[in-house]
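Breakdown of the fold
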Amino acid sequence: MRGKRIAAARLILALGGGALARRLNRDMVFVVNYHRLRQAGAPESPFDRDVFGPDQERFDQQMAWLQAHTTVIGEAGLIELLARPAVSGGPYSLVTFDDGYADNHALAYPVLKARGIPGLFFIPSGIIDSRRLGWWDVIAYLIQASTRERIILLGQTLALDNDRLSAIRQA
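I will try to describe carefully the structure that is included in this document. Residue positions are given per chain, counted from 1 along the sequence in the order it is written. In view of the model being predicted, local features appear only for residues whose pLDDT reaches at least 70, and side-chain atom pairs are presented and counted only at 80 or more, with totals across whole chains, interfaces and linings using the full set of residues. Hydrogens and water are ignored here; the side-chain numbers use all heavy atoms of the structure.

**Points about the overall build of the protein chain**
Heads up, the condition is: In this description a helix means any DSSP run of H or I spanning at least four residues, a strand means any run of E spanning at least two, and both kinds are numbered starting from the N terminus. A contact between two residues is defined here by any heavy atoms of the two lying within 4.5 Å.
Scanning the protein chain from terminus to terminus reveals eight helices and eight strands. Nonlocal contacts in the protein chain, meaning residues at least 24 apart in sequence, comprise 58% of its contacts between residues at least 6 apart.

Given below as structure tokens:
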């Protein structure tokens, strides 16, 4: 299904849909959120693989698309837009990152800097100061590393035999 959506989006863009979308969405602010970027060629993560976004090259392509089809703003630009009685001149986009992973700095920041794109990084300083993993990563790691076929978490049975990523979503 995902491949069909991507093919449809490419067809729409090839037929001039980007310009139409820009005209129709002049008063929109799109917040594009990333959690983690993947290192090209890196082994699978022992954590939740679904929280990884694109690799650095694909991320650069996505940022190029945002620059071509939106006005990319940062925190100050968002505050300025929110202070206006009406938004126009968009669409606008804001690029954000959650949880302060090292790959945000190592992989995303160089792309943002090279393109002059501001990024908004939400950093959980308590977790970083204590040098511990976030609870979401602990749960994902334990489910991925478990040798059991199922576990019971808060009274709910999670099957681990075939689809551990679904169990992580349920946890």
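Continuing now.
**Examining the packing of helix α3 (residues 56-69) against helix α5 (residues 102-115)**
The following threshold applies: Think of each axis as a best-fit line through the C-alpha atoms, taken over the contacting stretch in the case of a helix, with angles from 0 to 180 degrees between the N-to-C directions. Left-handed describes a crossing whose near helix is turned anticlockwise from the far helix by less than a right angle; the clockwise case is right-handed. Classes in brief: Ala, Val, Leu, Ile, Met, Phe, Trp, Tyr, Cys and Pro nonpolar; Asp, Glu, Lys and Arg charged; the others, Gly included, polar.
Two elements in contact, α3 and α5, have axes separated by 10 Å at closest approach and are oriented at 35°. Relative to α5, α3 is oriented so that their crossing is right-handed. Residues Q56, F59, D60, M63, A64 and Q67 of α3 pack against A106, L107, A108, P110, V111, L112 and R115 of α5. Across the contact of α3 with α5, the residue classes tally to nine nonpolar, two polar and two charged.

**Regarding the pairing of strand β8 (residues 156-159)**
Under the convention used in this document: Strands are treated as partners if at least two bridges between them are detected by DSSP.
In this structure, strand β7 (residues 150-153) lies alongside β8, joined through four bridges in antiparallel fashion. Bridge assignment links I151 to a residue of β8, and that residue is L158. Connecting β7 to the antiparallel partner β8 that follows it, the hairpin turn spans two residues, and L154 within it adopts a positive phi of roughly 55°.

**Here's the deal with the pattern of salt bridges**
Selection criterion: Here, a salt bridge means any side-chain nitrogen of Lys or Arg that lies within 4 Å of a carboxyl oxygen of Asp or Glu. Burial status follows relative accessibility: with a 1.4 Å probe on protein chains alone, a residue under 20% of its type maximum counts as buried, one over 50% as exposed, and anything between as partly exposed.
Applying the stated criterion to the full structure yields three salt bridges. In this structure, the salt-bridge partner of D103 is R36, at a minimum N-O distance of 2.8 Å. Highlighted residues: D103 in helix α5 and R36 in strand β2 (residues 36-38), separated in sequence by 67 residues. Judged by relative accessible area, D103 falls into the buried class, the value being 10%. A salt bridge links E80 to R84; the nearest nitrogen and oxygen atoms lie 3.3 Å apart. The class for R84 is partly exposed, based on a relative accessible area of 34%.

**As for the nonpolar core**
One recurring pattern in soluble globular proteins: nonpolar side chains tend to sit buried together. Applied cut-off: Buried residues of nine kinds, namely Ala, Val, Leu, Ile, Met, Phe, Trp, Tyr and Cys, make up a nonpolar core once their side-chain atoms join them within 4.5 Å.
Within the largest apolar cluster, 13 residues are counted, with the highest numbers of intra-cluster contacts made by Y34, F59, M63, V95 and F97. Those elements giving two or more residues to this core turn out to be α3, β5 (92-98) and α5. When residues in this core are grouped by element, the largest group, four residues, is from α5. Judged by nonpolar contacts, the second largest core, of five residues, contains I143, I151, L160 and A167.

**Some points on the side chain of H35**
Just so we agree on the cut-off: Polar contact is defined as a pair of N or O atoms within 3.5 Å, subject to the rule that within protein one atom must be able to donate a hydrogen and the other to accept it, and that residues adjacent in sequence are counted only when both atoms are side-chain atoms.
Relative to the elements of secondary structure, H35 occurs in the loop between β1 (29-34) and β2. At 3.1 Å, the side chain of H35 forms a polar contact with the side chain of D99.

**Here we look at a nonpolar patch on the surface**
Rules: Only residues above 30% relative accessible area that lack a salt bridge enter a patch, with like-charged residues linked at up to 9 Å and the nonpolar side chains Val, Leu, Ile, Met, Phe, Trp and Tyr linked at up to 5 Å. Computed with a 1.4 Å probe, the accessible areas rest on the Shrake-Rupley method; for each residue, only the protein chains presented here act as cover.
Taken together, L133, V138, Y141 and L142 make up a surface patch of nonpolar side chains, about 360 Å² in accessible area. Among the structural elements, Y141 can be located in helix α7 (residues 135-145).

**Structural notes on the packing of aromatic side chains**
Note the threshold: To pair, rings of Phe, Tyr and Trp, with the six-membered ring standing in for Trp, must have centres within 6.5 Å; the planes then decide the type, stacked if under 30 degrees apart, edge-to-face if over 60, and tilted in the middle.
On inspection of all chains with the given rule, the structure shows four aromatic pairs. For the pair Y34 and F97, a centre-to-centre distance of 5.6 Å together with 25° between the ring planes defines the contact as stacked. A residue pair is termed long-range when its members are at least 10 positions apart, and Y34 in strand β1 and F97 in strand β5 qualify at 63 residues. As far as burial versus exposure is concerned, Y34 and F97 are alike and both buried. Between F97 and F121, the aromatic rings sit 4.6 Å apart at their centres with planes inclined by 10°, giving stacked as the arrangement. Taken together, the positions of F97 in strand β5 and F121 in strand β6 (residues 119-122) put the pair 24 residues apart, joining distant regions of the chain. With a relative accessible area of 1%, F97 lands in the buried category. By relative accessible area, which is 30% here, F121 ends up partly exposed. Through pairs of rings, three or more aromatic residues link up here, namely Y34, F59, F97 and F121.

Geometric values such as these leave the question of function open.
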